[in-house]
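Structural description and commentary
Letter by letter, the chains look like this.
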Amino acid sequence: MSMMETPLIDLEAHFWEMENPDLLPTLDDWFLVFRVSTLERSMAPIHFSYDGDAFLSTFFQQPPMLRLIICAISAHYAPLPPETTFKYYTRARKAFVRAESSKSTYKTVQALYNICQFIQTRGQPHLMKPFLQAAINLIVHLQLDIDPNDSPWLFHLNLSARQKEDRRRAFWAVYLLMVEYKATDTAEDGVSQTLTCHKINPPSAVHIPYPVFNEHAQVLQVNQLFELLGAIRVRYSNPPPRITDIITPGLIEPMKTSLVSIHTALPANSILLIPSTETLTTNDMDSIATRLSQIPLENSFTTITITLLSQASLCVFHRPQLYLTCVPAFHPDKLDTEQREIIQNAVSTCFDSALRIINLYSFFAGIASSVTTNDEETPPPPPPPHWFHQSPQLSGFYALFESVLVLWFIICRMDLSWTSVTRVGQREEKDWTSLSRRMRWIIRYMKDSVDLFGMNDGAFTPLLVCMEGMMKEVQYAGYFENLVVCMKVVDLGGGGSAMVAESETVKEPHAFLGLLGLEVAGGIRWHGSSEGRWRQFWGKL
């Protein structure tokens, strides 16, 4: 109301000039952002990356690039017709080109970050790299990586605690996006310049007296897990010189020590305790719901993310050791005690972590569709848009892919000699049948979510193709021939900027880790340079 009641004469303007009509705001734009930011007036407009309340209050004075990209994101989640959403995005790109010749501020960083967010929600993470790099470069140039309390060049502005936190959030939003991108991007020409976070305070709560920013102390744990996943991916970008190096204690201990150290340091209240069982009962779902209800809403998404990333990191680290269970030379009877125990631990760890990811997704698939039945044969409808803000997505989907891959390998590829010496062999046939049905259910849930939010033909398509192929192999339902899965990169709209990728090309899919040279369902292979090296590595055995 304060925004609409402010007299025009009171609005500050350092100069007056005719604005491009295509970049001008409207009341319809404001109502769109207000409706989505407040979930139809059910909550305060609190965001992680920017001051939502101040943004709405000064909506008509916001830089066009920031205002229009927020409109595009709001249109995406409203949801409005795709043509309306892309029109906002195209106008934001036009505003970006126009702003390239003007002075940049931290608002420009916020705009670049939200452009990345929009591109990511459309399933095209490769296209966001130039905008992410621009945001990183601008943070360094503006010295936003130094806390406002320690920035003498800002003291004359007499910034309030609220304004200082807004600047911090501009940094933290880009920083977390950077570490997530580096954890899933396998391209050799990735983000060049990077950021460090040791000179800036963590995100903190601001109340005046109503909440403007919520506390997000757990971002440090999210950051550590993404960096760990990125380090593991780099370690496995090439196969080792000798196959025994995969289980040589002296070679695996340094990375394992880092993994254990990060997991041990995770606060107990930052992780959901998910059962590692093949079935998920109503009591299990009630227990998860109770635990979630005890977590403040503003921390629930971070808790879910930490839970998924921590379990995925265990799968990713131990996966090469798990793969050894299908190599004849690594039959348990041919190994010494230490080697056998390393592989047994890898199998058990991967199995438990994969089940926890599947069970968490089972819970959210049921909640998201308001389904209370435990009927595993009927996939639920796709989740409604408002719940999609809280349910696992993006990095969560990468964790889901990892869990399905691990379970597929254990069911279809692991030699039977290992089932008798690991906890996998303690499962009954009905347990595997139940798990298989639920995996199909969750893959359907993921596919419906991707279709609903327009992320098809992008980052998640190769993951879906792989998982569907894995399920066909699990069910002996069919095979594929000579299919290489890759990520199609499609330009989302014009704008004239040089920061636009090819109109359509193919890239290695984004994931925490590819297939490491394996083929799925008789012919599905992963597109990527390291995959060829891993295929040669396994082929020599």
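Throughout, residues of each chain are indexed from 1 in the direction in which the sequence is written. It should be noted that, the model being predicted, local features are given only for residues of pLDDT at least 70 and side-chain atom pairs only at 80 or more, the latter also being counted only at that level, while totals for whole chains, interfaces and linings use all residues. Computation of side-chain values covers all heavy atoms of the structure but excludes hydrogens and water.

Details of the environment of Ile46
- Helix and strand assignments come from DSSP, with helices taken as H or I runs of at least 4 residues and strands as E runs of at least 2, each series counted from the N terminus. By secondary structure assignment, the location of Ile46 is in the loop between α2 (27-37) and α3 (52-57).
- Exposure categories follow from relative accessible area, calculated using a 1.4 Å probe and restricted to protein chains: below 20% of the type maximum is buried, above 50% is exposed, and the middle band is partly exposed. Judged by relative accessible area, which is 22%, Ile46 ranks as partly exposed.
- Between the C-alpha atom of Ile46 and that of Phe213, which follows or precedes it by 167 residues, the distance is 6.2 Å.
- Throughout, a residue-residue contact means that at least one pair of heavy atoms, one from each residue, lies within 4.5 Å. Dropping the residues within four chain positions of it, Ile46 is found in contact with Pro211, Val212, Phe213 and Asn214.

Some thoughts on the confidence of the model for the protein
- Think of pLDDT as the predictor's per-residue confidence, scored from 0 to 100. Scored by pLDDT, the protein comes out at a mean of 84, with 83% of its residues at no less than 70.
- Within the model, pLDDT remains below 50 along residues 11-16, and this stretch shows 2 contacts once partners closer than five positions in the same chain are excluded.
- Scored below 50 in pLDDT, residues 494-503 shows 23 contacts in the model against residues more than four places distant or in partner chains.

Some words on the packing of aromatic side chains
- Paired rings are identified among Phe, Tyr and Trp, the last through its six-membered ring, by centres lying within 6.5 Å, and are further divided according to the angle between planes into stacked (under 30 degrees), edge-to-face (over 60) and tilted (the rest). Scanning the model with the defined rule gives 22 aromatic pairs in all.
- Their ring planes at 20° and their centres at 4.9 Å tell us that Tyr89 and Phe118 sit as a pair that is stacked. With a gap of 29 residues between them, Tyr89 in helix α5 (residues 82-99) and Phe118 in helix α6 (residues 106-121) connect regions that are remote in the sequence.
- Judged by relative accessible area, which is 0%, Phe118 ranks as buried.
- Taken together, a centroid distance of 5.7 Å and an interplanar angle of 65° make the contact between Phe96 and Phe131 edge-to-face. Here Phe96 is found in helix α5, whereas its partner Phe131 is found in helix α7 (residues 129-142), with 35 residues between them in sequence.
- Ring-pair connections join several aromatic residues into one group, and the members of that group are Tyr323, Trp408, Phe409, Trp534, Phe537 and Trp538.

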